[in-house]
Amino acid sequence: MKLRFRLWLTFSLLVVIICTVIYIGIINVYEARTMESQKQLVISQGYGAVDKIRGTLPRAADRTDGYLSFYSDQLNSRLLILNHEKQLWFDSAKQLQPGAPLSLAILNEGEVPAGLFIPTSSYGYVQYTLLPLDEAVDLGYLLIINNVDYLYEDIFSFRLQVIFIMMASVFAFFFLCYGIASWFTGPINTIIQQMKRITPQRRAFKVAYSRKDEIRELATEIEHMVRQLNRYDQRQQQFLSSTSHELKTPLATMQLIVENLPHVREDSSTHHDFLSDLSVQINKMRRIVDNLMDVNRMAEKPLEKQRLSGKDLEKHIREHFQWIAEEKLIELNFLGLDTTIEADRDLFLRAADNLVSNALRYSDTKGRVTISLLPASGNGSAEFAVCDDGIGIPEEELPHIFEPFYRSNEASSWNQEGSGLGLTIVKQIADMHECRLLVESQSGKGTCVKLIFP
Ligand SMILES: Nc1ncnc2c1ncn2[C@@H]1O[C@H](COP(=O)(O)OP(=O)(O)OP(=O)(O)O)[C@@H](O)[C@H]1O
Ligand SMILES: [Mg+2]
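Treat the numbers as computed from the prediction; the structure is a model and nothing was measured.

Quick notes on the rules
All residue numbers refer to positions counted from 1 along the written sequence of the respective chain. Note on labels: chains are lettered from A, ligands numbered from 1, in written order. Per-residue local features of the predicted model are confined to residues with pLDDT of at least 70, and side-chain atom pairs are confined, for both listing and counting, to 80 or more; whole-chain, interface and lining totals are unaffected and use all residues. Side-chain numbers come from the whole structure's heavy atoms, not from hydrogens or water. Put simply, DSSP H or I for four residues or longer makes a helix, DSSP E for two residues or longer makes a strand, and each gets a number counted from the N terminus. The globule rule is 2.2 Å times the number of residues to the power 0.38, and the radius of gyration it is compared with is taken over C-alpha atoms. Per-residue accessibility takes into account occlusion by the displayed protein chains alone, with areas from the Shrake-Rupley method and a 1.4 Å probe. Positive charges are assigned to Lys and Arg, negative charges to Asp and Glu, while His and the chain termini are left out of the count. Charge positions come from single atoms, namely NZ of Lys, CZ of Arg, CG of Asp or CD of Glu. In short, DSSP must find at least two bridges between two strands for them to pair. For helices, the axis comes from a line fit to the C-alpha atoms of the stretch in contact; other axes are also lines fit to C-alpha atoms, and the angle between any two N-to-C directions lies between 0 and 180 degrees. For this analysis, residues touch if any pair of their heavy atoms sits within 4.5 Å. In plain words, nonpolar cores are sets of buried Ala, Val, Leu, Ile, Met, Phe, Trp, Tyr and Cys residues tied together by side-chain atoms within 4.5 Å. A simple rule labels every residue: compare its accessible area, found with a 1.4 Å probe on the protein chains alone, to the largest value its type can have, and call it buried under 20%, exposed over 50%, or partly exposed in between. Only a pair of cysteine sulfur atoms within 2.5 Å counts as a disulfide in this structure description.

Asks: Before we move on, could you go through the overall build of the protein and cite the residues and values that matter?
Replies: Along its length, the protein carries 9 helices and 12 strands. In summary, the protein has a C-alpha radius of gyration of 51 Å against a globular reference of 22 Å for 454 residues, an excess of more than 25%. Overall, the C-alpha framework of the protein stretches about 165 × 50 × 35 Å when taken along its three principal axes. A total accessible area of about 27100 Å² is found for the protein, and carbon and sulfur atoms account for 56% of it. Across the protein, the 47 positively charged side chains and the 56 negatively charged ones have centroids separated by 3 Å.

Asks: Run through the sheet that holds strand β4 (residues 124-132), naming residues and quoting values.
Replies: In space, the 5 strands of this open sheet follow the order β2-β1-β5-β4-β3, with antiparallel pairing throughout. The sheet is open, and its two borders are formed by β2 (88-91) and β3 (114-120), each paired with just one other strand. Neighbour-to-neighbour, the strand axes of the sheet open up by a mean angle of 20°, direction not taken into account. Where helix α1 (residues 3-56) meets the sheet, its contacts fall on β1 (78-83), β3, β4 and β5 (140-147), and the angle it forms with β4 comes to roughly 45°. Along the sheet face, helix α2 (residues 64-75) touches β1, β2 and β5 and points at about 140° away from the line of β1.

Asks: Report on the nonpolar core, specifying residues and quantitative values.
Replies: If you look at the biggest cluster of nonpolar residues, it comprises 42 residues, and the most contacted ones within it are Ile317, Phe348, Ile371 and Phe384. Here this core takes 9 residues from helix α7 (residues 345-361), the largest share from any one element. Not counting residues within four places of it along the chain, the set of residues in contact with Ile317 comprises Gln322, Leu332, Phe334, Ala352, Val356 and Ile371. In terms of nonpolar packing, the next biggest core, distinct from the first, is built from 17 residues, Ile53, Leu131, Leu142 and Ile144 among them.

Asks: Could you give an account of the state of the cysteines, naming the residues involved and the relevant values?
Replies: Taken as a whole and assessed by the stated rule, the structure comprises 1 disulfide. Left without a disulfide partner, Cys177 is nearest to the cysteine sulfur of Cys19, which lies 9.8 Å away. The buried category is assigned to Cys177, whose relative accessible area is 4%.

Here it is in structure tokens:
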């Protein structure tokens, strides 16, 4: 069932329940009040009669009948006088003889004055009122019996009116609830319509919704998601086209070399040069393919975090890079390596390798490369940094260095090697560890790349 109808039904059901409760409340209060005022009215009228009748009893009992029929006419009721044992004494209707047995519920009431409303089969609703003839002496009782059908008709017609008003309001609320339900679900429908219009060719999502609530949040989140998807798609396209371009270049060179190789067979030095060029291009292609496979594999592999100390890091870097540093007479410095981090060992060392390799590659001989693992200065638990005093990165190139295959002009002329995938891999590893990646660099002065752990 659609949300709109579910909401509509819920609201309507609530309205029906509330109206029923209100109806029962109003009717009960009205009924109780009407009957109470009727009871009080008859009691006060009855006391008027009691005052007169009391004077005749028991000495002038012959005048009692006269008073009884007078007040019976005046109150439009049947009046019975009972003795102190609640046995019949006088009947204004003259139907029952004195002493006749009476079985009436009102006679069992403990307290007088008392009033009771009882439905009967032959007289409709009957009101019984029992009053003491004398408050001080146990003389007897006056029982007033009157037909109160009109009271019940009045209550019944009041019930009908209230039912009518309630039905009309429930009906009006049905429409109102439908409106409210549509008002609530309208923006959701707009969002659904907009989402249905998203296709691989047209990935756009925009909903005009000004209220600041969960629906706004939902729309913003979807907008954000679609934008991310577009960016991801764009990056993938770019990655694919750069990859094919990067593979094509060494392939073309290799083809050219192979085609010309037979012509230089006689000239052994040129032949040798051609072969070594071929080997350079094959190595370049292998590096690209290796890196590409790494980029792919990393995305699939789940993180296996473990404790990694600064000492482990130093050992690993010295093993792999000490000889290169020595060849270029570059000093490898390690700083504050007492810190430990939680990271996927293989991935983190891979990122560190790429950063150290860059620092060494883009530094002149006799330079200095500093590797540090320190507690983070600001937000974060630890900070891993690789700094060099090499060629640096021009400011305008900084935003691009993490793009796949990006190599600055200066870097390309400085060093032929390199596929431009190293920092892409570092970025990917940083993202996987939820690390922040910062680069500070000045052209000609040096570069510092920092990985800040959360
Ligand atoms: N320490 C650094 N000093 C100067 N420039 C750097 C440094 N690190 C990176 N760069 C610049 O960023 C570019 C991208 O670096 P990245 O590591 O991705 O590629 P690469 O080193 O050229 O090749 P690869 O790492 O794939 O062998 C480099 O080509 C270079 O221009
Ligand atoms: Mg590199």
